[in-house]
Amino acid sequence: TASSSSRSPLVVLGEALRKHWIDDLSYLEIIENTRIPIVKFTHAPTNLSVDICLNQETGTKAAELVRRFGDAMPPLRPLTFVLKYFMAARGLNEPYTGGVGSFLLQMMIVSFLQHREREEFHASGSESILNLGALLLEFFELYGVDFNYVTTGISIRNDGSYFPKGAKNRRENYWQPAR
């Protein structure tokens, strides 16, 4: 067998989970050949699914960003819970199989809320009255019917905007030649 120093940290973690939690895991997978390698497992007694990645410095920054948006946008958390359940029930929640992960989903909700609030303010001159059911249906209408994913990008910076994909003045925000 290979020594632990020649195996990736994810493989070592996966093997340790398998060895020490064998009776408590209903699922364990090591996914190494992705942009961000992860160990996925499900804790059987609670049916809690967990993804673990290592050496990703952006994780804490992303968590802080989501926390700040959650504090500023009260509908973000409940919409996230409902939409995550909706996506998981349909098998659409795994990015490595073409689905939408938690962070992307939250950023889509943030963008939706930014645009909706701006439109509501311009129409009425005041903050909108929030109805979670109506917001959920409007979210589905925007991203399920109206939004053109092929030509349009989303930015949550500076109160949110849409931009044409491929726009030269936006290239530094999405162009990653290493990918």
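Residues numbered from 1 in each chain as written. Predicted model: local features only at pLDDT ≥ 70, side-chain atom pairs only at ≥ 80, totals over all residues. Heavy atoms only, no water.

J.: Tell me what's going on with the pairing of strand β2 (residues 38–43), and back it up with residues and numbers.
T.: Buried residues dominate β2, accounting for five of its six residues. Relative to β2, strand β1 (residues 25–31) runs antiparallel, the two sharing six bridges. Within the sheet, the bridge partner assigned to tyrosine 27 lies in β2 and is threonine 42. Adjacent in sequence and paired antiparallel, β1 and β2 are bridged by six residues. Bridge analysis of β2 against strand β3 (residues 48–52) gives five bridges, and the strand direction is antiparallel. Of the residues in β3, the one forming a bridge with threonine 42 is serine 49. In this antiparallel pair of consecutive strands, β2 and β3, the connection spans four residues, and asparagine 47 shows a positive phi of 60°. (Buried < 20%, exposed > 50% of the residue type's maximum accessible area, 1.4 Å probe, protein only. Helix = DSSP H or I, 4+ residues; strand = E, 2+ residues; numbered from the N terminus. Pairing = 2+ DSSP bridges.)

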